[in-house]
Amino acid sequence: MKNYRNLSVMAAAMTMLAASGQSVTSPDGRLAVTVGVADGVPVYEVTYDGAAMLEKSPLGFVSNEGDFSRGMQLTNSKTGSVSKNYTQDKIKKSAVSYKANTLTTTFANAEGGKMSVEWQVADNDIAFRYLIPAQGKNGDTRSMIVEKETTGFRFPESTTVFMTPQSDPMIGWKRTKPSYEEYYITDAPLGTPSQYGQGFTFPALMKVGDNGWVLLTETGVDGYYCASHLSDATNGVYTIAYPMAGENNGNGTPSPGIALPGKTPWRTVTVGKTLGPVVETTAPWNVVEPLYTTAEPARPGKGTWSWLLWQDGSINAADQRTFIDLAEAMGYQNVLIDNWWDNNIGREGMKDLIGYARSKGVNVILWYSSSGHWNDIEQSPVNHMDRPIVRKKEMAWLRDIGVKAIKVDFFGGDKQETMRLYEDILSDAADYGLDVIFHGCTLPRGWERMYPNYVGSEAVLASENLVFGQEFCDMEAFHATLHPFIRNAAAIMEYGGSVLNKHFSRNNTDGTVRRTGDGFQLATAVLFQNPVQNFALAPNNLTDAPADAIAFMKEVPTTWDDVKYLDGYPGRYAVIARRHGDTWYIAGVNALNEPLKLTLDLSALGLGGNTATMWADRKGKELKAEQIKIKNPAAVKIVIEPAGGAVIKAE
Ligand code: CA
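Residues numbered from 1 in each chain as written. Predicted model: local features only at pLDDT ≥ 70, side-chain atom pairs only at ≥ 80, totals over all residues. Heavy atoms only, no water.

Regarding its fold elements, the protein chain presents 17 helices and 36 strands. Expressed as lengths along the three principal axes of its C-alpha atoms, the size of the protein chain is roughly 70 × 60 × 45 Å. At a minimum sequence separation of 6, the contacts of the protein chain that also span at least 24 residues come to 71%. Approximately 23300 Å² of the protein chain is accessible, and the part contributed by carbon and sulfur atoms is 48%. With 61 positive and 72 negative side-chain charges, the protein chain shows a separation of 3 Å between the mean positions of the two kinds. (Helix = DSSP H or I, 4+ residues; strand = E, 2+ residues; numbered from the N terminus. Contact = heavy atoms within 4.5 Å. Areas by Shrake-Rupley, 256 points an atom, 1.4 Å probe, with all protein chains shown as cover. Lys, Arg positive; Asp, Glu negative; His and termini not counted. Charge placed at Lys NZ, Arg CZ, Asp CG, Glu CD.)

Right, let's get into the coordination of the calcium ion. Surrounding the calcium ion are the protein donor atoms Glu181 (OE), Glu458 (OE), Glu458 (OE) and Glu464 (OE), which sit 2.3 to 2.5 Å from the metal. The sequence pattern formed by the donor residues of the calcium ion is E-x276-E-x5-E. On the criterion of sequence distance, the pair formed by glutamate 181 in the loop between strand S13 (159-165) and strand S14 (185-189) and glutamate 464 in helix H11 (residues 464-468) is long-range, its members being 283 residues apart. Take glutamate 181: its relative accessible area is 14%, and that puts it in the buried class. Looking at glutamate 464, the relative accessible area reads 17%, which means it is buried. (Donors = N, O, S within 2.8 Å, 3.2 Å for Na, K, Ca; no water. Buried < 20%, exposed > 50% of the residue type's maximum accessible area, 1.4 Å probe, protein only.)

In this section: the nonpolar core. Considering soluble globular proteins, one finds that nonpolar side chains tend to be buried as a cluster. If you look at the biggest cluster of nonpolar residues, it comprises 183 residues, and the most contacted ones within it are Tyr44, Trp119, Phe153, Trp341, Phe438, Phe552 and Met553. When residues in this core are grouped by element, the largest group, 7 residues, is from helix H9 (residues 416-431). Those residues in contact with tryptophan 119, other than ones at most four positions away along the chain, are Val33, Val35, Tyr44, Leu59, Asn101, Thr102, Leu103, Thr105, Ile126, Ala127 and Phe128. With 23 residues, the next largest nonpolar core counts Trp584, Leu607, Ala612 and Ile630 among its residues. (Core = buried A, V, L, I, M, F, W, Y, C linked by side-chain atoms within 4.5 Å.)

Following the sequence through the fold, glutamate 111 ends up in the loop between strand S8 (95-108) and strand S9 (114-121). Along the backbone, glutamate 111 and lysine 137 are 26 residues apart, and their C-alpha atoms lie at a distance of 9.6 Å.

On to the domain arrangement of the protein chain. As assigned here, the protein chain comprises domain 1 (2-286), domain 2 (301-557) and domain 3 (569-650). Using C-alpha coordinates to define each centre, domain 1 is positioned 36 Å away from domain 3. Listed per partner, the contact involves 8 residues of domain 1 and 5 residues of domain 3. Between domain 1 and domain 3, roughly 440 Å² of surface is buried when both sides are summed, and carbon and sulfur atoms account for 70% of that area. Of all residues in domain 1, the largest losses of buried area upon contact with domain 3 belong to Phe162, Asp187 and Val279, amounting jointly to 45% of the total for that side. Remark: the boundary between domain 1 and domain 3 carries 1 salt bridge. The residue aspartate 187 makes a salt bridge to arginine 572 at a minimum N-O spacing of 3.8 Å. (Domains from an automatic or database assignment. Buried area = accessible area lost by both parts, 1.4 Å probe. Salt bridge = Lys/Arg side-chain N within 4 Å of Asp/Glu carboxyl O.)

Time to look at the pairing of S9. With 7 of its 8 residues buried, S9 lies for the most part within the structure. Hairpin connection of S8 to S9: 5 residues between the antiparallel strands, including glycine 112 at a positive phi of 90°. Of the pairings in the sheet, the one linking S9 to strand S10 (residues 125-132) comprises 6 bridges and is antiparallel in character. Of the residues in S10, the one forming a bridge with serine 116 is leucine 131. Hairpin connection from S9 to S10: 3 residues lie between these consecutive antiparallel strands. (Pairing = 2+ DSSP bridges.)

So, on to the sheet that holds strand S6 (residues 66-67). Pairing is antiparallel across the open sheet formed by 4 strands, whose spatial order is S6-S5-S11-S19. Strand pairing shows two members of the sheet lacking a second neighbour, S6 and strand S19 (257-259), which therefore form its edges. For strand S11 (residues 143-149) and S19, the ladder comprises 3 bridges, and the chain directions are antiparallel. By the bridge assignment for S19, methionine 144 is matched with isoleucine 258.

Scanning the model with the defined rule gives 32 aromatic pairs in all. Both rings, one in tryptophan 213 and one in tyrosine 569, keep their centres 5.5 Å apart while their planes meet at 70°; by these two values the pair is edge-to-face. Pair noted here: tryptophan 213 is in strand S16 (residues 212-219) and tyrosine 569 is in strand S29 (residues 562-569), with a separation of 356 residues, a long-range link. Accessibility expressed as a relative area gives 13% for tyrosine 569, which makes it buried. Each ring, one from phenylalanine 552 and one from tryptophan 615, has its centre 4.8 Å from the other, and the planes form 65°; the classification is edge-to-face. Placement of the pair is phenylalanine 552 in helix H17 (residues 547-555) and tryptophan 615 in strand S33 (residues 611-616), with a sequence separation of 63 residues. A single burial state applies to phenylalanine 552 and to tryptophan 615, both of which are buried. Through a chain of ring-to-ring contacts, three or more aromatic side chains come together here, namely Tyr292, Phe411, Tyr422, Phe438, Trp447, Tyr451 and Tyr454. (Phe/Tyr/Trp six-rings, centres within 6.5 Å; stacked < 30°, edge-to-face > 60°.)

Ordered in space as S29-S30-S31-S36-S33-S34, the 6 strands form an open sheet in which the pairing is antiparallel. Two strands in the sheet have a free side with no partner beyond their single neighbour: S29 and strand S34 (625-629). On average, each strand axis in the sheet is tilted by 20° relative to the strand beside it, whichever way the strands run. Taken together, the 6 bridges between strand S31 (residues 583-590) and strand S36 (residues 645-650) define a ladder with antiparallel strand orientation. (Axes fitted to C-alpha atoms, helices over the stretch in contact; angles between N-to-C directions.)

In this structure, proline 203 follows phenylalanine 202 across a cis peptide bond, with omega equal to -10°. Here proline 203 is to be found in strand S15 (residues 200-208). A cis geometry characterises the amide bond from leucine 260 onward to proline 261, with omega recorded as -5°. If you trace the backbone, proline 261 turns up in the loop between S19 and strand S20 (262-263). Positive phi, close to 55°, is recorded for tyrosine 180, a residue that is not glycine. Summarising the element assignment, tyrosine 180 is placed in the loop between S13 and S14. Of note, glutamine 311 is a non-glycine position whose phi angle comes to about 60°, a positive value. By the secondary structure assignment, glutamine 311 is in the loop between helix H4 (306-310) and helix H5 (317-330). Overall, the relative accessible area of 23% leaves glutamine 311 in the partly exposed class.

Printed below as a string of structure tokens:
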């Protein structure tokens with residue numbers, strides 16, 4: 001039962017805000033933000049084509065230099081515009097043209113303390129952050145602890161949410177959480193409580209009734225701030241929440257300390273009638289800049305990874321040679337050697353192994369633990385990445401033996417001190433010519449652009465869970481239909497997938513059972529976007545997997561020039577197209593129990609020819625590359641089997 005009295009009061013309040021507040025609209029005029037003050041609280045609202053996407057939502061924060069969340073007055077505002085073009089080969093688009101209208105709204109509290117909110121409104125993306133000037137009578141207060149934010153997101157009542165919870169701190173494997181490896185709730189009513197009572201992590205996707213979709217995330221987080229998440233909803237409002245006190249075994253503070261004048265990270269709100277703007281958004285990268293340069297560009301590429309299927313027992317010289325040989329056979333650039341290499345192969349042994357890899361044209365990516373005093377990880381090497389003296393010595397050794405990239409695992413959470421650790425590792429690695437992948441980690445927030453040698457993060461329930469439990473195998477298709485619209489829409493995602501074994505084990509007989517088709521596995525190589533892909537292929541796949549699947553895994557790119565949403569619904573199915581050069585890869589997966597019959601409109605892809613190649617799961621048949629004719633690009637019929645997938649390659 002709706003409360004009509006409250007609704008009419010709210011509608012009246014919104015009208016007042018629209019009348020008295022400051023507005024900024026997107027260049028195409030469809031997306032609008034209005035900012036004002038209601039009962040002393042700074043507030044904003046968002047409409048798209050006139051429909052409310054965010055109702056009157058609070059702004060502000062509480063600091064050790066005053067309360068900027070109430071008793072506020074809007075004292076000034078300024079409009080403008082920004083436009084820029086940039087190139088970025090690690091994300092979903094290689095060349096981005098960004099245009100936004102801007103608004104800066106300045107507020108003052110009763111004590112005369114000031115803060116501004118800076119807004120950028122592009123056609124489908126809003127970015128906003130706080131600008132905080134020096135405080136005090138003479139501007140002599142030059143530092144501040146931001147104790148909490150009251151920044152909130154109030155969605156219309158008809159909204160349903162697609163979100164993943166923040167975990168409790170210091171739980172899970174070796175007390176390493178939170179690590180953004182939790183299940184999702186999908187199409188859940190607004191205000192559904194989080195699993196742990198700790199709220200939800202970014203990104204979060206909302207379906208605003210029939211009016212469209214909203215993706216919330218955060219970007220521009222570096223060592224000057226903590227990473228934040230969303231609280232559980234209170235009175236219908238999700239509020240920006242800071243890290244939990246217990247993260248990092250209680251070390252470090254949840255509240256960020258900033259120098260003044262200072263600024264917070266950007267929070268972004270992507271809005272669309274369809275899921276297109278969500279899949280295609282570049283909001284996390286539009287408002288950040290590279291923080292340093294490197295001597296050489298990052299090295300995108302494909303690799304083999306023994307650990308996923310063969311686990312810890314494969315970290316020995318003989319098995320690693322087998323996976324180096326597999327990388328060579330596949331034409332891959334990399335081999336990822338996971339935990340215990342220093343113990344099981346030894347540092348002298350590694351020199352030989354790296355020499356062997358280099359003789360095959362294969363680069364070695366080496367695993368490290370981030371730890372540290374913040375968890376119980378014993379998987380070695382430990383304590384080589386947590387302090388600059390040890391870290392730089394280690395990185396010099398890596399450079400000298402010819403290692404080009406590292407994977408650093410098991411971080412402690414989202415506190416500012418952990419953001420500094422990420423940044424310090426990236427910055428030092430850049431000095432030694434190393435690219436960096438993070439696992440057991442936070443969501444990257446604009447890092448693809450900010451840190452030139454950053455090439456991937458896990459921050460998802462990734463492929464390892466297929467080995468750990470059958471339940472995850474049973475849910476594999478369901479999860480794959482979420483990531484293009486949520487996790488991977490906001491950041492690159494190092495999933496370690498594309499498994500062609502039937503069983504998740506070394507002998508391909510024991511262990512958990514794969515429920516998805518080979519075509520599904522090929523499709524995820526396109527759906528899951530990360531510039532460095534460490535695929536979970538096994539040496540036996542060269543002979544026991546369909547030859548056409550292996551041929552596809554040899555050729556599939558890991559860098560992309562463009563992306564288009566074609567169809568889908570998170571939790572049910574997903575079909576997107578990615579372009580590499582002149583070639584489009586159209587990939588779809590189906591999590592429904594019935595075959596999915598779709599008519600795809602490919603007219604936006606500008607296909608030149610009328611023949612294409614398709615790899616699609618067919619019930620009871622081995623995967624084969626099929627030549628198909630595309631007579632009418634506006635109506636291409638495909639069928640995707642349950643837990644199956646399809647890829648169409650067309651020019
Ligand atoms: Ca993990």
